[in-house]
Amino acid sequence: MHKRIILILIFVLCFFTLALADSYKLAVYPSNDPKKLIVPMKIMADYLTEKSGDSFTAIVTRDYEELSERLKNKSVHIAWINPINYIKIKAENPSLKYIATYMEKNEETGKIIPYYQSFIVSLKTSGINTISEAKGMTFAFNDPGSTSGYAFPNLMLRQRNIVPDKFFKKVFFLKKHDRVIEALINGSIDIGGVSDGTYYTAVRKYGGVFSIIEKSDPIPLDAIVAPENVPADKLLIYRKALTDMPENHPFNKSMRKNLGWNAAGFDIKDDQFYNSMREALK
Amino acid sequence: MPLRAKILTAAIFPFVVFFILGIFRIQQVIEKYESALHNNYEIKAKGAAGNITQLIAQLDTAVGVLSESFEISNALQRADNNVLFDISNRFINSIDTIIFADINGIVVARAPDEYRFGDDISSQKYFETTLANGSYLGWIIIDGIDTIMVSKPIKKYDDVYVGVVCVAFSITKELLSSFIDDPDLVIEFIHKNRRISSSDRKETIVYSKSLKGIIKNTQKPLIDVLLHFEEDKYFSELLLIKKSQYWSSIPIVLLMIVLIIVILNRQLKPHSMIVENILNYANNKINADGLKKNLVDINHTSDSDSAKISYALIQMLDVIEKNFKRIEQYNIELDQTNQKLEKSLKKIKKLSGLLPICSYCKKIRDDKGYWNQIEKYIHEHSEAEFSHGICHECAKKHYPDLGLYDD
């Protein structure tokens, strides 16, 4: 009798251990509307599940802070992280493991590259052609943790000796790229910083109503990372799966359809790839 | 009263009595219903007042929660539009508008209009009042829509403000209707020259009640709330019944009057005719035969008291006629007697004067101066005839030999 109970307990314990071991999480920061963002991320999670055999679930964190926190406390297994946070977290936690870099097809050149840009944009009807003409007007960043929505627009402003809070009448933080576009369209702000992908999506949606006031230098695209507890062999499996993703994969199509991002798979770079950004943000 | 009139009266009188009692009963029912209706008005007014008070309390609660949130205070300081919108959007099902403005009056976030921020409200009275007094309750117009707004400052520390949160309800027909939940009731909010009603129906309003002072701003009435009660369907039907009863009573009363007139006419006309004929007779417009003839006609047309009276009068006339005839006969006889008497008197008159008579031969001198034998004179001046004879004394004197009176 006692042996039978012990066997049942062992079986149940093994079952839950396997179940827990197989529950992997792919986390992404909310760079866009989470409802839209989760759609391609689920496809990516399914793809990773298929290729690795590990059961991945896609989640969208509330903000950058949550994603950073969860990478630190290892409650996610793979994270889609923007460059600025990658640099910050990597600085705080050198054991953070790099897997791959997201790539996009450039709208202007048609080349697939692991870079993108930040644009400071306005509406053509605003009559603003240079940043200096926007003095006393309202400006919007994305999120203090956003690379193309805050770090690089802020860099472009400071390179012109502009302190945003003093130069503009009001500076808003709208947290998502597409909200900057919507705020522009609705006249709530006069000027704002967005990623080039967001800009091109907005052009496709609203037509040529926008004017690009400033363009940033090339910015390394988002990094796919894992916390230090993910085994090296797993890391290689995930990396191979991502770099093997064909250009016409449903994930890329879904990224374009839902977010307007010109997704074109993943490439293998390394931590050094983000040094240019480290330099820019010094 | 003839039998027909009695039957008619017996049939109509109860009908009229019950009809009048019916009208009074309806009037009583109407009065009771009206009283109940007014009690119902009071209950509904209290219900509406409770709902309005609840709305203001809801605004107060919301603005209290939003103004005291540490997260909101931080988000406002960071101009984090997204966080402020997300938080305020959770309240939007129960509140129409939420506005977060920084200390300079720049709107940092607004719900439900996600992308309507950046405007400057620093010159708005509600913004200035909120910072000056620590709170605001008022009627303002946002984007052309009348709203009730409650606002409070958002604090960084107890004595340091970082902005203002405003929550508002749009005063719409739908909102006003939600206070009353009764299709027969109209609620109206009045503030200065602004007037919003839950319905445009005015023509059917029968009663209005004021809830003045229910929404106060620093103890002063902010909004005049008027409740208009529309015509109650059942009460209207009662009034219609009453009206129809009154209207239907008119022909009945008229019919009654006509009937009374007819009955009275039938009853009184023979009497009037009798009186009229008597007066005509008295004024010699008709004679007795005419009067009698007319009375006979009246007698034939009715079997009522008047017929009896006319019959009696005819009998009286007959008696009078007979008496007249008798009197006439007496008169004739009297005339004849008078004539005879006159003649006799004439004769008596002739002999009654001073007759000059001879003291010896007893001859009488006439007017012409001739002396006449007394027999001849009396014969000529009276109806008297003389039959000559010899009295006792003369027989003895003149004819003693004959012994005429010896036996």
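Calculation rules
- Residues numbered from 1 in each chain as written.
- Chains lettered and ligands numbered in written order.
- Predicted model: local features only at pLDDT ≥ 70, side-chain atom pairs only at ≥ 80, totals over all residues.
- Heavy atoms only, no water.
- Salt bridge = Lys/Arg side-chain N within 4 Å of Asp/Glu carboxyl O.
- 1 Å grid on protein atoms, 1.4 Å probe; cavity = no way out; pocket = protein on both sides within 12 Å on 5 of 7 lines; lining within 4 Å.
- Points joined across faces, edges and corners; volume = space filled by probe spheres on them.
- Helix = DSSP H or I, 4+ residues; strand = E, 2+ residues; numbered from the N terminus.
- Nonpolar A, V, L, I, M, F, W, Y, C, P; charged D, E, K, R; others polar.
- Contact = heavy atoms within 4.5 Å.
- Buried area = accessible area lost by both parts, 1.4 Å probe.
- Polar contact = N/O pair within 3.5 Å; in protein donor to acceptor, adjacent residues only side chain to side chain.
- Buried < 20%, exposed > 50% of the residue type's maximum accessible area, 1.4 Å probe, protein only.
- Pairing = 2+ DSSP bridges.

(A) Up close: the pattern of salt bridges. Taken as a whole and assessed by the stated rule, the structure comprises 26 salt bridges over all chains. Asp267(A) serves as the salt-bridge partner of Lys269(A), at 3.6 Å between the closest nitrogen and oxygen. The partner of Arg278(A) in a salt bridge is Asp271(A), with the nearest N and O atoms 2.9 Å apart. Salt bridges here are not isolated pairs; linked through shared partners, they connect Asp143(A), Lys175(A), Arg78(B) and Asp80(B).

(B) Structural view of empty space enclosed by the protein. Residue and element names in this part refer to chain A. The tally for this structure, following the rule as stated, stands at two cavities of 30 Å³ or more. In this structure, the largest cavity encloses a volume near 120 Å³. Taken together, 18 residues form the lining of the largest cavity, with Tyr116, Ser148, His177, Ser195 and Trp261 sitting closest to its centre. Of the residues forming the lining of the largest cavity, the biggest block, three residues, is contributed by helix α8 (residues 196–206). Across the lining of the largest cavity, the residue classes tally to six nonpolar, nine polar and three charged. Taken as a whole, the second largest cavity encloses approximately 80 Å³ of empty space. Along the walls of the second largest cavity sit Glu104, Lys105, Asn106, Glu107, Ile113, Tyr115, Tyr116, Asp196, Gly197, Tyr200 and Asn262, which together make up its complete lining. For the lining of the second largest cavity, the secondary-structure elements that each account for two or more residues are β4 (97–105), β6 (115–116) and α8. Across the lining of the second largest cavity, the residue classes break down as four nonpolar, three polar and four charged.

(C) Representation of the layout of surface pockets within the structure. Quantified by volume, the largest pocket comes out at close to 1,200 Å³. Surrounding the largest pocket, 42 residues form its lining, Pro34(A), Lys176(A), Arg179(A), Asn82(B) and Asp86(B) being those nearest its centre. Every element with two or more residues in the lining of the largest pocket is listed here: α2 (34–52), α3 (64–72), α7 (177–185), α8 and α10 (250–259) of chain A together with α2 (70–78) and α3 (81–89) of chain B. Quantified by volume, the second largest pocket comes out at close to 580 Å³. If you trace the second largest pocket, you find 25 residues lining it, with Tyr136(B), Leu137(B), Gly138(B), Asn217(B) and Leu222(B) closest to the centre.

(D) The interface of chain A and chain B, seen in detail. The interface is formed by 15 residues belonging to chain A together with 17 residues belonging to chain B. Of the roughly 1,300 Å² buried between chain A and chain B, counting both surfaces, carbon and sulfur atoms make up 54%. Counting the surface chain A buries against chain B, the share from its top three residues, Lys170(A), Phe172(A) and Arg179(A), is 40%. Linking chain A with chain B are three salt bridges. Note that Lys175(A) is salt-bridged to Asp80(B), the shortest N-O span being 2.8 Å. In this structure, the connection of chain A to chain B is made through 10 residue pairs in polar contact (both at pLDDT 80 or more).

(E) Spotlight on the pairing of β4(A). Residue and element names in this part refer to chain A. By the criterion of burial, β4 is predominantly enclosed, with seven of the nine residues buried. Taken together, the four bridges between β4 and strand β13 (residues 223–226) define a ladder with antiparallel strand orientation. Considered in β13, the bridge of Ala100 is made with Ile224. Bridging between β4 and strand β14 (residues 263–267) involves three bridges; their strand directions are antiparallel.

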